[in-house]
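Remarks on the overall topology
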Amino acid sequence: MGTKQRWKRTAAGVISSVMMCASAGIIPQSTVVVTDLVAQAAASDFTKEDGAQWGRDRVAEGWNEDVDGAYGCQCVDLVQAYGTFLGVYVPSLNAYQYETWALPDGWTKTYGDPQPGDIFVMGATDDNPWGHTGMVTGVNGSQVTTAETNYWSDHYGNPNCREVTRDASRFTCFIHPNFNSQPIPPGPDPDSSIANGKYNIVNVGTGGYMNHGYGWRGEAKFFPAIAEPADGPPEQTFNVKCLGDNVYTVRSGYNDAIMNVWAGGPSDIGSNQYITFFESDDNNNTQRFYFAPVGNGEYVIENAQNRGLVLGIAVETYNRDYQMIKLQRYNEADANQRWRFESLDPPPATEPPTTEPPTEPPTTVPPTDPPTEPPTTVPPTDPPTEHTTAAPTTEAIPETPAPITTEAIPETPVPVVNRLYGDVSDDGNVDIMDVIQLNQYLLGSGSITNTGKKNADVNGDLILDTTDSLNILKLVVELYTQADFPLS
């Protein structure tokens with residue numbers, strides 16, 4: 001069964017809805033404030049490759065969000081979400097109207113020279129009076145590759161984001177965001193102060209614990225690094241090892257998978273790429289990291305290929321129960337790019353000091369003066385009648401205490417927890433009450449433990465919704481078994 005990837009409504013939808021209400025006079029425009037939480041990075045903080053990668057990621061996950069809340073997922077929704085990523089408000093217009101849109105400061109429009117990261121505009125036609133828009137992900141000569149939604153499709157449908165390649169002559173114009181063309185400066189200097197061992201890795205800004213997640217991207221299994229509240233499973237423990245020269249690897253305590261940048265190779269590494277866990281060690285910088293101390297026991301985790309790219313929390317996932325972890329340009333003011341390493345290893349055993357017996361100082365015998373005359377020998381007058389043998393003297397030998405030996409206490413392995421899919425109540429059983437509890441939670445009138453949320457996500461898409469509820473009901477009536485989950 002194919003799993004349809006979805007985004008929960010992100011900050012982009014919130015901004016667009018608020019701005020639409022302000023434009024319509026429903027709320028005063030003076031009350032509209034875009035906070036740093038949503039628009040924390042100006043467009044100039046990103047390169048055009050960052051923008052193109054964002055579009056490729058949306059294609060890979062089959063993105064289809066209705067950002068402005070009008071007519072389902074239209075082509076303009078992708079452009080609005082792209083604006084939120086860049087930190088710039090993009091209004092909801094008919095697609096052809098972006099040709100005459102008053103551009104944000106620093107943005108430019110051209111009728112040729114497409115570049116990765118551009119927004120493209122196609123004019124209205126007799127067959128399509130609304131026009132069409134999307135974004136450019138690659139250029140090869142006159143061929144332009146794009147990411148776009150609702151491509152000449154049902155105008156009220158929700159088609160997934162897809163990749164399309166056309167000749168450049170097919171487009172009306174291209175809009176260039178104000179990208180940063182400067183090289184990415186390195187982050188703070190790393191060291192090797194983190195000892196090899198087992199750790200929880202905790203985000204300073206959100207308090208979330210790094211977790212080895214699971215899900216799907218398109219038709220492929222996907223194991224992202226996410227941050228979520230602590231709940232103690234082996235997926236939240238990591239084995240850290242220094243390889244020398246301050247370079248580290250991080251492996252999951254769940255199955256020893258290695259932390260990895262979701263990129264084809266070291267030369268492909270860029271901002272906004274996912275951090276994932278991979279089964280094999282490719283022995284390159286997609287899987288190598290630096291730990292740079294920044295004070296207060298906090299560290300920045302830098303990629304070994306480019307120390308200016310660090311692990312941080314993805315903006316588009318701030319409003320979820322969990323947050324995706326991505327590679328971002330270093331920003332020293334961003335607490336979401338700082339991490340604490342909490343050791344899970346027992347403290348090393350210490351030996352008590354060895355006490356040696358006290359020793360007596362040697363006795364000093366004063367020297368004697370030599371005789372001034374030879375001694376006079378007096379012959380014995382009578383032979384001795386018996387010989388007396390002096391008894392040997394003995395001296396007590398101080399007893400040396402036996403050395404104290406210590407034995408390291410073996411570490412108790414953390415058991416791997418097997419999920420009981422559908423057990424929303426986390427009571428060890430799956431029944432109709434689990435379906436009821438999930439429905440109440442989705443309606444906002446109940447709560448679920450973190451373990452219960454994982455058990456409820458029977459689709460394996462990291463999102464709880466009514467599809468999960470329906471599939472748990474099928475499990476209860478034995479249309480499914482535990483072996484069928486997670487559904488793919």
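Residues numbered from 1 in each chain as written. Predicted model: local features only at pLDDT ≥ 70, side-chain atom pairs only at ≥ 80, totals over all residues. Heavy atoms only, no water.

Take the pattern of salt bridges next. A complete count under the given rule lists 15 salt bridges for this structure. A salt bridge links Asp-50 to Arg-329, with the nearest nitrogen and oxygen atoms 3.8 Å apart. Of this pair, Asp-50 sits in helix α2 (residues 48–61) while Arg-329 sits in strand β19 (residues 323–329); the two residues are 279 residues apart in sequence, bridging distant segments of the chain. A salt bridge links Lys-453 to Asp-321, with the nearest nitrogen and oxygen atoms 3.5 Å apart. Taken together, the residues span a long stretch of sequence, with Lys-453 in helix α5 (residues 450–456) and Asp-321 in the loop between β18 (309–313) and β19 at a distance of 132 residues. (Salt bridge = Lys/Arg side-chain N within 4 Å of Asp/Glu carboxyl O. Helix = DSSP H or I, 4+ residues; strand = E, 2+ residues; numbered from the N terminus.)

Core analysis: the biggest nonpolar cluster contains 28 residues, and Met-210, Phe-291, Leu-311, Ile-325 and Phe-341 have the highest contact counts within it. Tallying contributions element by element places β18 first for this core, with three residues. Not counting the four nearest positions on each side in its chain, Phe-341 is found in contact with Ile-194, Tyr-199, Asn-200, Ile-201, Val-240, Phe-291, Tyr-299 and Ile-301. With 27 residues, the next largest nonpolar core counts Phe-46, Cys-75, Phe-85 and Val-121 among its residues. (Core = buried A, V, L, I, M, F, W, Y, C linked by side-chain atoms within 4.5 Å. Buried < 20%, exposed > 50% of the residue type's maximum accessible area, 1.4 Å probe, protein only. Contact = heavy atoms within 4.5 Å.)

Moving on to the sheet that holds strand β5 (residues 162–167). Pairing is antiparallel in the open sheet, where six strands are placed in the order β1-β6-β2-β3-β4-β5. The open sheet is flanked by β1 (108–110) and β5, the only strands paired with a single partner. Strand after strand, the sheet turns through a mean of 35 degrees between neighbouring axes, direction not considered. With three bridges connecting them, β1 and strand β6 (residues 173–176) associate as antiparallel partners. Bridge assignment links Lys-109 to a residue of β6, and that residue is Ile-175. Sheet contacts for helix α3 (residues 75–86): β2 (119–122), β3 (132–140) and β4 (143–148); angle to β3, the most-contacted strand, approximately 65 degrees. (Pairing = 2+ DSSP bridges. Axes fitted to C-alpha atoms, helices over the stretch in contact; angles between N-to-C directions.)

The next subject is helix α6 (residues 466–476). Asp-468, Ser-469, Asn-471, Ile-472 and Leu-475 are the residues of α6 that are buried. Following α6 by one or two positions, Glu-478 adopts a phi angle in the positive range, close to 70 degrees.

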